[in-house]
Every structure is written in C-alpha cells, then in structure tokens.
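What the coordinates show
Okay, here's what each chain looks like letter by letter:
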Amino acid sequence: ITRKREEKKKPGKKGRETCCGSEHEERQTTTDHLSANACLMPICQLHGAAVTTVEGIGNTKTRLHPVQERIAKAHGSQCGFCTPGMVMSMYTLLRNKPKPSMEDITEALGGNLCRCTGYQEIIDGYRTFCEVCHHGTFTTRIQADTSFLCYSKTSEADQILKAFSTGKKKVFMLITVLPQSTLKCSSYLRYIMAESPEQTTQKFHGERMTWISPITLDELVQLKTQYPQAPVVMGNTNVGEYKGFKGVLHPIIISPTRVRELFGVEQRPEGVCIGAGCSLSTVQSVLERCVCSLPAEHTQTYAALLGQLRHVGGQQIRNVATLGGNVASAYPNSDLNPILAAGRCSLLLQTKEGKRRVPLDKDFFVGFRKTTLRPDELVLSVFIPISRKGEVVRAFRHAPRKTNALPTVTTGMRVWFHDGSDVVREMSVYYGGVGACTFCAERTSQQVTGRPWNEATLNEAYRVLVDEVTLGVSAPGGQVVFRRSLTLSLFFRFYLHVLQYLKDMQNSAMEPLPCVIGPGYQEFQVILTLHHPITLCAQVRSAQDPVGQPVPHSSALTHATGEAVYCDDIPHMNREVFLSLVTSTKAHAKIIHIDVSRALDMPGVVDVITAKDIPGQKFQSFTGINEEVLVEEEVRVTCVGQIICAVVADTKQHGKLAAAALKVTYEDLPDRIFTTEEAVEQCSFYAPQRTLQRGDIHMAFQEAEHIYEGEIRVGGQEHFYMETQSMLVIPAREQKEVKVYLSTQHPTCAQMSVAETLGIPANRVSCHVKRVGGAFGGKITKASILACITAVAAWKTERPVRCVLERGEDMLITGGRHPVLGKYKVGFMNDGKIIAADVHYFVNAGNTPDESVLVRRRMLVQLDNAYNIPNLRGQSVACKTNLPSSTAFRGFGVPQSMVVIENMIHDVAMTLGRPAEEVRDRMNLYKGLSRTHYKMEFDPENLHCCWVECKKRSELGRRRPAVAEFNRRNRWKKRGIAMVPIKYGVGFGHSFLQQAAALVHIYKDGSVLVSHGGIEMGQGLHTKVQQVVSRELNIPLSLIHISETCTSAVPNTNPTAASFGTDANGMAVWDACQTLYKRLEPVRKKDPSGTWKSWIATAFQERISLSATGFYRFYVELFTLTKPYTYFTYAVCCSEVELDCLTGEYRTVRADIVVDIGKSINPAIDIGQIKGAFMQGLGLYTMEELKFSPSGSLHTRGPGQYKIPAVCDVPLQFNVYLLPGSQNPFAIYSSKGIGEPIVFLGSSVFFAMKEAITAARTDVGLSGPFPLRTPATPEHACLACNTHFNQMIPKMEAGTSPPWAMELP
Ligand SMILES: Cc1cc2nc3c(=O)[nH]c(=O)nc-3n(C[C@H](O)[C@H](O)[C@H](O)COP(=O)(O)OP(=O)(O)OC[C@H]3O[C@@H](n4cnc5c(N)ncnc54)[C@H](O)[C@@H]3O)c2cc1C
Ligand code: FES
C-alpha cells in the first residue's frame, strides 16, 4: 500500500502535478478521462477510478506516447520539471477529443505553469495534433560565406545542404515523429474499472482523521446530522487548499461522491436543475446544451454563467470542483455566486427534517465564508431559471491573469425591461471581491429601477454605486482604489451591453482582447564551416558534426516520460528522516527563548537542530560579510522568514506539526526598516557605496536645452523555479564523509559551506547534482545555507536527512530579485540627444548582504545599456532592510538597472513629443567604434544590425501609424508599440570566476563519459557540451554521456551563472577532447580506415591513457578593470500590446526579437532560452507582484497569489531571428552567452503599455511623462489611464490605518 501511495503521489509536485483520472460510468458505456491536480486529489476519493500518471503512457525503454515525443522533439522541455504535467494535460485532452482545436489545446494547458520555455514550443509541438494544423516554422539560412566548405562535392554535404537550404521548414522537418496513436482506452484501464468497487459505505482511518464515503442520501443525511462540523468533500479544491496550505485539520470528512442524488440534471420548461455534486466541467456541458437547444431570450443567464465558467481555475480544477462546493464555500471572490444570485437561482437543501428551497440571494451570504446554511444542511441541487423576455443578464470578471487566477473583482448583473420599452422594471447587481462575501448593490439597483436606460440614469447609478461599494484602506487584498474603480467600469460595460441589446450597437469596451496564439517563426543560420574555437580559423567539418544544429535537449525524452530524476526522486533511504524549518514570525526582534520541549514530544520527532548543534563555523560569508546559519537565543532576527532552527522527524507531516508546535519567545525591537526610503532616512546600507562617472555632468546640465527629473519603482521578483529547494544529505560516518545530493547552481559553494559548518575538510564532502528543475540565480547562496542546516541535522542524528521546501516556505525564506528605486536627472537637447544623466539606484537588499554589493556594482557597470551618454554618473547603494534577503536572479541587477535608463529615455521622448524609438536610435545609440562609461572599447556594429533588422522584421514603420489609427477609433481599447535594445556584457566581471575544468573518460567500448563543472538546469548546457565533444572527437552524440556534476570528479567549480556556462565549460571540455584526440593520433594514422571503436581498442592495447582533464581560463591579459567583459550580446525587441483601459488587462499581440548570438552552437536551445527569458521579463515588468504586509510578512506565498506568465500570456505572434554573419572570437565556436540578456527585453512590453496608456491619457486631456511602476499590473495600468471611473473614487484618507500591503521598494 505504501508503494502505491508513493506512486500516486509522484506527479503531485508543483509543476508536474497533472494526472489523468478515468471514471467508468456504470450506466453508460463511455469512460470519462479527467485531468486533475494530484496535490488536491484525496487518495481515498480515487477508489474505483483508474489513475494514469505520465509513467503509464509511455517510456523510453518500450514505446513513447506521441504526446511525450512531440513535446520533447519540438523543444518544449528545458529543465523538464513541468513537462510531465504538460504531457498529462494534453494526453487527457486527446483521450477525450483526438482532433482538438487550438482553443482546446490552450484551454487544456491553461492550468499548467512552466518557468523556462515561454510555452510557445509546447504549443507549437501540440499544434500538430490539431485538425487544422499550422505548424511553427524554423527557417534556416546557409551562412553567406561558404568558401571554407571542404566537402561540397560529397554526397553527405549534398544531404546537409538539402536539409538546410534556405526556406521555411516544419518544426519536425529534421526529425521523424510517431504517428498519432489511436488513443483508445487501453484494455488494462477497462479491466481495472470493470471491477467496479463494492457499493457499500467506505471508511478510511488515518492517524488524525477518518474519511467516510456513504452511498445513499439517507446515510449522507445521517452522517451530516451526526457530524455537523465535518466538511462535505466533493472536489476538495476548497477544503484541500485550507488543509494543505493553511494546516486546517478535520477529524471527520464526509465524501458523498457516490450519492447519485447529488449528480442529477433535469431540464424543465422553467429552468435547469443541476445536482450540487456536478463538477464545473459538467455544468459547462449542461449549459452549452441548454444554450444550443433554447431560444436566445431564455439563455441569457446560461450564457453569462458559461462566460464565467471558462475562466474558473484551470481545466484540472473545473474537472473536480463542484457547483455545490462553490456555493457552499461562499468564497468572497467566487465567480459563480454573483451571477447565480443576479440570475434568480435557488437552492434545494436537505436535512433529516426534510427538504427546503431557498433563494440564492443577498440574504444567503452573511459573512466571510458564511451563509445561512445550517451546519447539518446539505445542498442537493441548484436551480437556474431561464431568462425572461426583455431580460438582459451579463457577468464580467477581472483577474490578475487571464486564466487560472481568482478574480480581483467579479460581477453578475441583470436588468428586466418593461415590455417593448427601455424603462427598467427590475435590476439586480452583485459583486465578488469587494468585501467579506458576495455583495448586492441593492441601492444602485433601486436607483435604476423605473428609469430609462440612458446616460443620465447611468450617471445616477455611478453616484450611488461609489457610495454603496466601499473598502477600507486596510481591506484584505489591497488594491482598494482599483477594485472600487472596477465596480464602476464593469457596470459601464454592462450598460453598453444592454444598450447594444436595445439598439444593436457595437463599442470597443465590449470587445474581448484578442487571444488566438499563432505559430511561432524562428530564423537561424546553419554554419557549414568549422572554426577553431578561439581563433576562428577554418577546419574541415564532418558530416555528423552536430554543432550549429537544432539538436533537442539531451534529456527531453526522459523529461516527457517522467523518467528524469530530480533530487526529491532519489529513492528513500534506510532510516531517512525529514527536515522542517522553523522561521521567524517577526521582522525585527530579539529571541528570548526557544522552547523545543513540545516539539520533541510530538509523534515521529527525532530531534530539533539549533545553532548550538553546529559543530563548525556558525556563519557563512559569501561576499565577505557574515550571515548566521541559524539564530541563537539572545540574538536578533532581522526578517520574517529567517531560519531559527529545524525539526527532524520521520515524515514530512510529523515534522511540519512539530515545527508549528515549537515555541519561540521574542522581544520586539524598534526601528524596523522595510523600504529604501526608510533605509536612506536611517542610513542603513551595506558598504561600500559606489559611484561611476564619466565627463562633467554639472557643466553638461548647464548646456542642456531641457532638464527632466523622474523616478521609477522597480518591483522584485520571485524565482519561482518549478523544483523548490531540495536536498538529501547522507553521512557516511566512516572518516567523517558526507554526501550531499542537492539542487544547486554552485556545488562547490555548497561543498565548502557544508565543510565549514561541520568543521571538516572539503575533501570529505561531495556534492552531486544530476539536474536542477530551474534555478535562475536562486540556487547559489540560498541552497548552500539550506545544505548547511541539513548537513548539521545529518551529522547530529547520523541519519540521511532530506529537506524539500514547500512552495510557500521557499517563497518566504529564499528571497528573490532586488527591488530598486531608480531616480534620475537628465539633460537633453531639442533633437533628443541626451548630453547628461545622473542616476541613483536604491537597491533593497534585505536583511543579509548575500550578493547585493555585487549586484549593485553590476547595475552601475551596465547602466549605459546601448546609449552613448557623454556625461554620465551612476550611484548605487544596497539598502539594509528587514525584508528577506534579496539574491542573484537572472541578469544580476541588469534588468532593474536598464529599465531605469529606458524609462528616462521614454520620459525624454514624451517631453519632446517624439516617438521613443527615434530618441533611442537616431540620437543616442552607440555608433562607430565606441567607449563605454567605464572606458571599454567596443564596436557596436552588430547592435546596429539588430536594430535595423528588428525595425524591418517587425514592420515598425507600417505598424506605428496603424496603432495610432486603432487608438483614434477606439476609446476603451488602446494599442502601444515599443522597440527596446540591449547591450549585455557576458561573464562574471571577476577574473578568478572565468575558469572551468572538465574530465573526459573514454571507455573500452568507445563510449565517452564527460564530467564538467557546469550544472544542467534547463539551459541545455549538457546538450551543448555533448555537441562539442561530438565535434572534437568526431563521434556521434549517441556515444557521449553526462551523468551528473560532482565535486569529486571536477573540483573547485564556479557557479553556473552569468550566461557563461557554455563559454567556460564548453572550452574546458574542448581542451580535454583535444588532449585525447592528439593522443589517439598515432593510432588513427596507423589505421586510417579503422573505426572509432577499433582505434579505442588499439589505444587500450597500446597503453594510451583514455582519460583526460581539460581546463579553461579566460585570458587574464584581456581582463582589466576597464574591460570587465570580453564581449557583448546584442538584441533588439519590438512589442505591441492591446490594453483594456477599463480593467488594465492587456495582451501582447506581437513580439519580434532579433539577437546577435554569434554562431549558435544549438539554435533550438538558444531560441528556447530567448523565448523563456522574454516571458520571464514580461512577468517581471508587467505581472509578478510581491506583496508584503506592513509588518514585513510576505502575502504572496504561492501560485494563487503570485502570478507568473501562463499560456494565456504568450504573444499572439512571437518571432525570433538570430542575426546572421556574426562572429565572436572570445567564446567557443564563435558563439555567445544568451541565458540572461533577453530578460530585459520583456520591458518592451512595459514600454508598449506605457504608449497605450499615453493614448488613453490623451483622451482625458493629459500629456507628458507620467509615473508607472513595474510590474505594470492591470491595477497600475488601469489607474495610470486615469479614466473618469478612476477619478470618481474619492481619495483615501492617509494615516487612518495601514494599507494591507506596503509600497516597495
Ligand atoms: C487553483 C484554484 C483556482 C480557483 N479559481 C477559481 C475561480 O477563478 N473562480 C471561482 O469562483 N472559484 C475558483 N476556485 C474555487 C473553486 O471553484 C471552489 O473551491 C470549488 O468550486 C469548491 O468546490 P469543491 O467541490 O472542490 O468543494 P470542496 O472543497 O469539496 O468543499 C468546499 C466546502 O463546501 C462544502 N460543500 C461542498 N458540497 C456541499 C454540499 N453539497 N452541501 C453542503 N456543503 C457542501 C463543504 O462542506 C466544504 O466546506 C479555485 C480553486 C482553486 C483550488
Ligand atoms: S521546462 Fe517548464 S519549468 Fe522548466
């Protein structure tokens, strides 16, 4: 049984959690296949259902399923952690609908998140299952210079030429894929389900709860009478959330999923009666049938409900969540309750006394999650009446993301007119999201009743509505002004819809945003010459050479089949225990006492680890300043979430309970600092502060024709890697050895930290990393600290200890991207030329220095971006605050630094009334041989080429007037277009970090095992390294294997970061291969017609060493203070958005990116990196908002509150072009680093939004620069539009009570 439970749990990790449940309906001959979230699916409820996980549909040993194969071969998998979830969502869709439409596919994938890919490759891979399939296209270009083509006469060369000739090619042109299988229910499923479970009451007893599943209504009623406080668990999406994430425990659970009376559907002339147990997906199907079969005037409520249902959760949620559950749980943001209430629905209730019918109206909802339902009462069914002649019913919602997000505000509205007139006979308006429960705007409805439907009535309604829907400054959820403004703008939308009904007119406020994602278009060059890795001199290239080809990720297939092993997949060890952390609940306090006694008495607890247990060094200092590993008594805690101690228990559940029971007594300390402004006021900084300057800014400001001062607040960002921090530490006892298996970007950092903490030499600690499920900078220092604590637990208990953070813990503890306040003063001329800029960065570093001083430094170095500003001064300070310590994040401060500069340029353009790209390009871009502000010489020619190419490819010249015309024609929808460049210095900026080592073994059978210091975390590093080995040893990829990264094989590794992984490790591996190739030369010469295998056999016989190390160090002579980078990666992106000014929602309608990436080693992987980074940047600048309470506690601790981009956010047209003909003498095979630069280009969406907002502001008579923070969420975008709805909301009185969330940075 245990084994079975483990298997069921396996896909339940966030990101890979979708499984397919199949239920065989006894009365029908069909089988329902439902995708579901394993983390919310109670195992007891699966009795009688067949569960298919990704392992069950195909594997690499026997046969792959087409769904697995296509995502892998379409390059839809990077770190692979989300891939099984994607596969299962698509698999379930195909089981139910073998020929889906694109809408079906995007809907099916709407509930899955991926942090790496940017989704487009996944969509393009699955697009091939569509009946009408528009494949994504790769276009390849032969490099113009083919003079070195040495094998042009051979047949292999012909083949290559044929394969890569210029022209459009389907995604799968280069690879064959399995045909779509019949996708029928496999016989074992039918067999399992034919054994229909016994129809008797089931009871499952656990340690702390009993699960009872009755089969008759009588029994259910009896149970509810006996246990009135027991929840009735149907879909478990509400109860499960509270249990799983908030620790609410129910000793008894009643699960009536087999009680037929709850599932009936009856269509009557007066309406439809739907069983409370019907899932929301079933409700959708029932209503769709009603809408098809009834006259339109009777289906107003049904159509409105359908519109809402489409957006409730993802499909996995809708498949299990029930109608009755939604009503009974009375969530204040429920999408369904406002429209059910407005639509005159009623409930049929049952107790042991009998049945009663109650209207679902304003009197039903009485408080936060409270209704008039008695504790022993059951909802049997919901009756939804048909709409009447003259009745108009609509529902609208606004959510922080288009799919799978609870609404910010949602509404159901109904108006009934007197026969043949526009005079209101009855009106009903309900809102969700504006209070503790579903809210009835009764006074507004009364105000409108009896009046004609016109603007005068509308204005009266606004006046009452503003007064009726109020929210206090501290209202939970914050966004007070925005939410109140939404109540008005959604009412206005209803007004227009009704007007359309009455007068048959159209208005842009009623049109939905565009949403159909087109196929992606990518263009790259294939290089037919081969160059020496550094000197660029040409060599003969073999026909099997994979360098430069779009080879799929080497683990893509095992990602897709679930065979890929992540840290937490390592099988449980004998005597293994689990580590749970105890963290500070105070932002600034002294710890008076840590009482571990209650925790130690809890079941399953083995020990509690405190600072006293650390045998070695009690602190770590990553950049020279000490950070405590655990906090002792009498010592200060400096943020909520700081780790105090840890519980070791036999299971995760026991550990969690004991950690909650452990008591820490604090003494509050004064002077908490949260914002950068507070830090400046109190001079709370991490030294040193830095200034970087060139020219004479004071003089230049005197000469400038205009001077403008502005600022921008740049929010932080959560890494949201799909695999949370995970590790397993195994003490070997013998000779004080410790093995650490962990998910890190920097195994040597973990090794050294663990050794120091345990007080043992580093040669006793080995760190092993097979693969990492996403890292983005968040798994360097933070993973090391956690490894130290886990190692102390393993050391003390002498048992293997596993620590895997839950999403909420991970978000709370590990910090993220630095929030920054950027202030600037800019001096410029009438033509847009900037002659002086003075920029200050205030970086919110949090409670420990971590790498903040380095981040701050890099922000200054890269502040010029692509602009030649002759007099430039940058100053930056790292502010010490009482927030969780910020850390490295893809781009290392550059995305924050550059967005400040771009905002400054945008302000200059707005002040002058010129298009921003004109100010960027003609006046300020670097041109000709140039020098940066830190005196580095470089040639910006390729930056220019990217600019010109992007302008051409994006058709900016044609589209800018089209955008203006669109804006002229539409009042409530506005478009904006923006083009943004980047010049990104690749590398660490410190010479000692520019080194790498490798170890290559050739075995007697000719197979090759490669070890290097880099980590595979989705960026395809191992794949590229294999391509290098294949070229250098002239052997096929199939002979080359990379097992793991291990500090015992390759010591003293540097972090895999700074877009430098391939540059460094590729060269180290190249070096080792060169050694081996040269050693084999005599053997090859002796037997030129031999094969690789025969040469290796001979070499062994002749006692030639078949193992070699390789080393790479970047030319120290090239590395100086004025040349911290060896080369730049250049790119330009043009994005266009459409903005809904009433709600602030937007859609990126098109994005074109041109990138100079040198000669790509693997264009498919590089394009994947480009798209993934762009989407992460889009999230950073427009979506992902971290919210802290006024006492410094993080509100946004999971996917429910923190929204990263999903499938619904992919640009509708997304094109990537790799600049042809580029060379780079400083990196392997003339390639360039690409992991980080493109994140910044997500800001093109932000600036396009600014343009759209500018158009909206023009309509209300506003002009000139305006403040807009990042992320420009719908709230900030909508309020910046400053429509009259925003203006109608009275200003909040400051100082009465603190707002729900602080304004950071
Ligand atoms: C990721 C996610 C996204 C979501 N997004 C949205 C969204 O966008 N919009 C939205 O409106 N909702 C959303 N929800 C909420 C979801 O719709 C509700 O949780 C769901 O409808 C509740 O149904 P359930 O069957 O899962 O309830 P359960 O969790 O099984 O039960 C919930 C409560 O209802 C009671 N109950 C259930 N059935 C009955 C009955 N027949 N009689 C009496 N009491 C009963 C139970 O006792 C329990 O207290 C989301 C939920 C999740 C987890
Ligand atoms: S590939 Fe999707 S999260 Fe990494």
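Source: prediction; values computed, not measured.

1. Details of the overall build of the protein
Along the backbone of the protein there are 37 helices and 50 strands. Here the C-alpha atoms of the protein give a radius of gyration of 31 Å, agreeing with the 34 Å that 2.2 N^0.38 yields for 1305 residues. Viewed in the frame of its principal axes, the protein has a C-alpha envelope of about 95 × 75 × 70 Å. When the accessible surface of the protein is totalled, it reaches about 47000 Å², and 53% of it is carbon and sulfur. Across the protein, 142 positive and 124 negative side-chain charges occur, with their mean positions spaced 2 Å apart.

2. Quick notes on the sheet that holds strand 10 (residues 271-275)
Across a sheet, paired strands are connected by hydrogen bonds in the backbone, their directions being either parallel or antiparallel. With respect to topology, 5 strands assemble into an open sheet ordered 9-10-15-11-12, the strand pairing being antiparallel. If you trace the sheet from one side to the other, it starts and ends with strand 9 (265-268) and strand 12 (354-359), each paired once. The mean inter-strand angle of the sheet, taken between neighbouring strand axes irrespective of direction, is 20°. Looking at chain direction, strand 9 and strand 10 are connected through 4 bridges and run antiparallel. Looking at the pairing, Glu266 lines up with Cys273 of strand 10. Sheet strands in contact with helix 10 (residues 280-293) are strand 9, strand 10 and strand 15 (378-385), and its direction is about 165° off that of strand 10. Each of strand 10 and strand 15 is contacted by helix 11 (residues 300-309), which is oriented at about 120° to strand 15, the strand it contacts most.

3. Some points on the sheet that holds strand 6 (residues 202-205)
As summarised here, the arrangement of the 3 strands in space is 6-7-8, forming an open sheet in which the pairing is mixed. The open sheet is flanked by strand 6 and strand 8 (252-254), the only strands paired with a single partner. With strand direction ignored, the average angle separating the axes of adjacent strands in the sheet is 15°. Relative to strand 7 (residues 210-213), strand 6 is paired through 4 bridges, and the arrangement is antiparallel. Bridging across to strand 7, Phe204 finds its partner in Trp211.

4. Let's talk about helix 30 (residues 956-969)
For helix 30, which comprises 14 residues, the first-to-last C-alpha distance of 20 Å matches the rise-based estimate of 20 Å (1.5 Å per residue) to within 8%. Along helix 30, the residues classified as buried are Leu956, Arg959, Val963, Phe966 and Asn967. The buried residues of helix 30 all sit within an arc of 95° when viewed along its axis, so they share a single face. Opposite its buried face, helix 30 presents the exposed residues Gly957, Arg968 and Arg969, each directed more than 90 degrees away. In this structure, the buried side of helix 30 is in contact with helix 28 (916-924), helix 29 (941-953), strand 42 (973-985), strand 48 (1128-1140), strand 49 (1146-1156) and helix 35 (1243-1259).

5. Thoughts on the environment of Gln267
Tracing the backbone through its elements, the reader meets Gln267 in strand 9. The partly exposed category is assigned to Gln267, whose relative accessible area is 45%. Residues Gln267 and Gly985 lie 718 residues apart in sequence; the distance between their C-alpha atoms is 66 Å. Filtering out sequence-adjacent residues up to four positions away, Gln267 remains in contact with Val272, Cys290, Ser293 and Leu294.

6. Here's the deal with helix 2 (residues 66-73)
Among the 8 residues of helix 2, 8 are classified as buried, and the element is accordingly described as predominantly covered. Three or more residues of helix 2 are buried, namely Pro66, Val67, Gln68, Glu69, Arg70, Ile71, Ala72 and Lys73. Residues of helix 2 that are buried in the fold lie against helix 3 (83-96), helix 5 (120-127) and helix 18 (556-561).

7. Describing the site of ligand 1
Every one of the 30 residues lining ligand 1 counts as a neighbour, but Met234, Gly235, Thr237, Thr322 and Asp335 are closest to it. Separating an oxygen atom of ligand 1 from a side-chain N or O atom of Thr237 is a distance of 2.6 Å. Measuring from a nitrogen atom of ligand 1, one finds a backbone N or O atom of Val379 at 2.9 Å. When residues in the shell around ligand 1 are grouped by element, the largest group, 4 residues, is from helix 13 (residues 323-329). Counted by class, the shell around ligand 1 contains 15 nonpolar, 11 polar and 4 charged residues.

8. Describing the packing of aromatic side chains
Inspection of the entire model under this criterion finds 21 aromatic pairs. Centre to centre, the rings of Tyr1181 and Phe1240 are 6.4 Å apart; their planes meet at 85°, and the pair counts as edge-to-face. In this pair, Tyr1181 sits in helix 34 (residues 1163-1182) while Phe1240 sits in the loop between strand 50 (1213-1218) and helix 35, placing the two residues 59 residues apart along the sequence. Given the relative accessible area of 0%, Tyr1181 is considered buried. Taking relative accessible area as the criterion, Phe1240 reaches 1% and is therefore assigned buried. An aromatic cluster of three or more residues is present, and its members are Phe417, Trp453, Tyr462, Phe491, Phe492, Phe494, Tyr495, Trp972 and Phe1285. Between Arg807 and the ring centre of Phe720, over which it is positioned, the NZ or CZ distance is 4.3 Å.

9. Description of the UniProt feature "binding site: [2Fe-2S] cluster 1" (unreviewed entry) in the protein
The UniProt feature table records "binding site: [2Fe-2S] cluster 1" (unreviewed entry) at Cys39. Position of Cys39 among the secondary structure elements: in the loop between strand 2 (31-37) and strand 3 (50-52).

10. Some remarks on the pattern of salt bridges
Tallied over the entire structure, the rule returns 66 salt bridges. Note that Arg931 is salt-bridged to Glu937, the shortest N-O span being 3.8 Å. A relative accessible area of 43% places Arg931 in the partly exposed class. Salt-bridge contacts for Lys952 lead to Glu949; the nearest nitrogen and oxygen are separated by 3.9 Å. Taken together, the positions of Lys952 and Glu949, both in helix 29 and 3 residues apart, correspond to about one turn of that helix. The structure contains a network of salt bridges with shared partners spanning Glu955, Arg958, Arg959, Arg975, Glu1136, Glu1138, Arg1150 and Asp1152.

11. Here we look at unusual backbone geometry
Between Ala687 and the following residue, Pro688, the backbone shows a cis peptide bond with an omega angle of -5°. With respect to the helices and strands, Pro688 occurs in strand 31 (residues 685-694). Here the residue pair Leu1304 and Pro1305 is connected by a cis peptide bond, since its omega of 10° sits within 30 degrees of zero. With respect to the helices, strands and loops of the structure, Pro1305 is situated in the segment after helix 37 (1284-1288). Positioned with a positive phi, Phe892 is a non-glycine residue whose angle comes to about 50°. Within the secondary structure layout, Phe892 lies in the loop between strand 39 (871-880) and helix 27 (894-912). We classify Phe892 as buried; its relative accessible area is 17%. Of note in this structure, Lys935 is not a glycine but carries a positive phi near 75°. Among the structural elements, Lys935 can be located in the loop between strand 40 (930-931) and strand 41 (937-938).

12. Some words on the packing of helix 3 against helix 4 (residues 102-109)
For the pair helix 3 and helix 4, the least separation of the axes is 9 Å and the interaxial angle reads 135°. Comparing their axes, helix 4 and helix 3 come out oblique. Like other packed secondary-structure pairs, helix 3 and helix 4 cross with a definite hand, here right-handed. Residue-level contacts link Met86, Ser89, Met90 and Leu93 of helix 3 to Asp104, Ile105, Ala108 and Leu109 of helix 4.

13. Points about the UniProt feature "binding site: Mo-molybdopterin" (unreviewed entry) in the protein
Within this numbering scheme, the UniProt entry marks Gln745, Phe776, Arg890 and Ala1058 as carrying the feature "binding site: Mo-molybdopterin" (unreviewed entry). Spanning 314 residues, the named residues nonetheless gather at one spot, since no C-alpha pair among them exceeds 12.1 Å. Not counting chain neighbours up to four residues away, the residues in contact with Gln745 comprise Ala775, Phe776, Gly777, Gly778, Lys779, Ile780, Ile1015, Met1017, Pro1055, Thr1056 and Ala1057. Take Ala1058: it is sitting in the loop between strand 46 (1045-1046) and helix 32 (1061-1086). Here Ala1058 is in contact with Val986, Gly987, Phe988 and Glu1236, once residues within four sequence places are set aside.

14. Overview of the nonpolar core
If you look at the biggest cluster of nonpolar residues, it comprises 242 residues, and the most contacted ones within it are Trp453 and Phe1174. In terms of residue count, helix 17 (residues 480-503) provides more of this core than any other element does, 11 residues in total. If we ignore the near neighbours within four places in the chain, the residues touching Trp453 are Val415, Phe417, Asp422, Val424, Met427, Val448, Phe494, Tyr495, Val498, Leu499 and Leu502.

15. Describing the packing of helix 16 (residues 455-468) against helix 17
It is the contact of helix 16 with helix 17, at a shortest axis distance of 10 Å, that shows an interaxial angle of 155°. Between helix 16 and helix 17, the crossing angle belongs to the class labelled roughly antiparallel. The element helix 16 and its partner helix 17 pack so that their crossing is right-handed. Counted together, Glu455, Leu458, Ala461, Tyr462, Leu465 and Val466 of helix 16 and Arg484, Thr487, Leu488, Phe491, Phe492 and Tyr495 of helix 17 form the full contact between these two elements. For the contact of helix 16 with helix 17, a count of residues per class yields 9 nonpolar, 1 polar and 2 charged.

The rules behind these values
- Residues numbered from 1 in each chain as written.
- Chains lettered and ligands numbered in written order.
- Predicted model: local features only at pLDDT ≥ 70, side-chain atom pairs only at ≥ 80, totals over all residues.
- Heavy atoms only, no water.
- Helix = DSSP H or I, 4+ residues; strand = E, 2+ residues; numbered from the N terminus.
- Rg over C-alpha atoms; globule rule 2.2 N^0.38 Å.
- Areas by Shrake-Rupley, 256 points an atom, 1.4 Å probe, with all protein chains shown as cover.
- Lys, Arg positive; Asp, Glu negative; His and termini not counted.
- Charge placed at Lys NZ, Arg CZ, Asp CG, Glu CD.
- Pairing = 2+ DSSP bridges.
- Axes fitted to C-alpha atoms, helices over the stretch in contact; angles between N-to-C directions.
- Contact = heavy atoms within 4.5 Å.
- Expected span 1.5 Å × (residues − 1).
- Buried < 20%, exposed > 50% of the residue type's maximum accessible area, 1.4 Å probe, protein only.
- Arc of directions from axis to C-beta.
- Near = heavy atom within 4 Å.
- Polar contact = N/O pair within 3.5 Å; in protein donor to acceptor, adjacent residues only side chain to side chain.
- Nonpolar A, V, L, I, M, F, W, Y, C, P; charged D, E, K, R; others polar.
- Phe/Tyr/Trp six-rings, centres within 6.5 Å; stacked < 30°, edge-to-face > 60°.
- Lys NZ or Arg CZ within 6 Å of the ring centre and 35° of its normal.
- UniProt positions renumbered as here; feature names shortened; annotations may be inferred.
- Salt bridge = Lys/Arg side-chain N within 4 Å of Asp/Glu carboxyl O.
- Parallel < 35°, antiparallel > 145°, perpendicular 65-115°, else oblique.
- Left-handed = near helix turned anticlockwise from the far one by under 90°.
- Core = buried A, V, L, I, M, F, W, Y, C linked by side-chain atoms within 4.5 Å.

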